[in-house]
Amino acid sequence: ENSGTKELDSWSLPWVHACEENPPWLVMSFTSESGSFPWCALCGKWASADHLSSQKCVRQRDSWQITLGPFLQDMINKHNDYHESNPSASNTQGTAE
């Protein structure tokens, strides 16, 4: 039994898969305040879909010739498609870099 994943919620599980698909630059990190959350080691930032879509992160990946795994690319595309079709769903202003 994998005790590391049994406590993860439906939000965390896809990110665990995305991190397993994109090592070593994308990793699951854990803090007592936030729990498990993906970390972008290229940028030194929490790896939300907004961050991974940001110009800064895209430039970093390009400079290291990193291609997103298909599962992660699909997660980002679905996130971006949702927010483009539901602009009020985003409560953040500006770009997430």
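Scoring rules and cut-offs
- Residues numbered from 1 in each chain as written.
- Predicted model: local features only at pLDDT ≥ 70, side-chain atom pairs only at ≥ 80, totals over all residues.
- Heavy atoms only, no water.
- Helix = DSSP H or I, 4+ residues; strand = E, 2+ residues; numbered from the N terminus.
- Expected span 1.5 Å × (residues − 1).
- Buried < 20%, exposed > 50% of the residue type's maximum accessible area, 1.4 Å probe, protein only.
- Arc of directions from axis to C-beta.
- Contact = heavy atoms within 4.5 Å.
- Core = buried A, V, L, I, M, F, W, Y, C linked by side-chain atoms within 4.5 Å.

### Quick look at helix α5 (residues 70-85)
The end-to-end C-alpha separation of α5 is 22 Å, in line with the 22 Å expected for 16 residues at 1.5 Å each. All of the buried residues in α5 are L72, M75 and I76. The buried side chains of α5 occupy one side of the element, clustering within an arc of 90° when seen end-on. Facing away from the buried side of α5, by more than 90 degrees, are the exposed residues P70, K78, E84 and S85. At its buried positions, α5 is contacted by α2 (12-21), β1 (26-31) and α3 (49-53).

### Details of the nonpolar core
With 15 residues, the main nonpolar core has W15, A18, W25, L26, C40, L52 and L72 as its most contacted residues. Those elements that place two or more of their residues in this core are α2 and α5.

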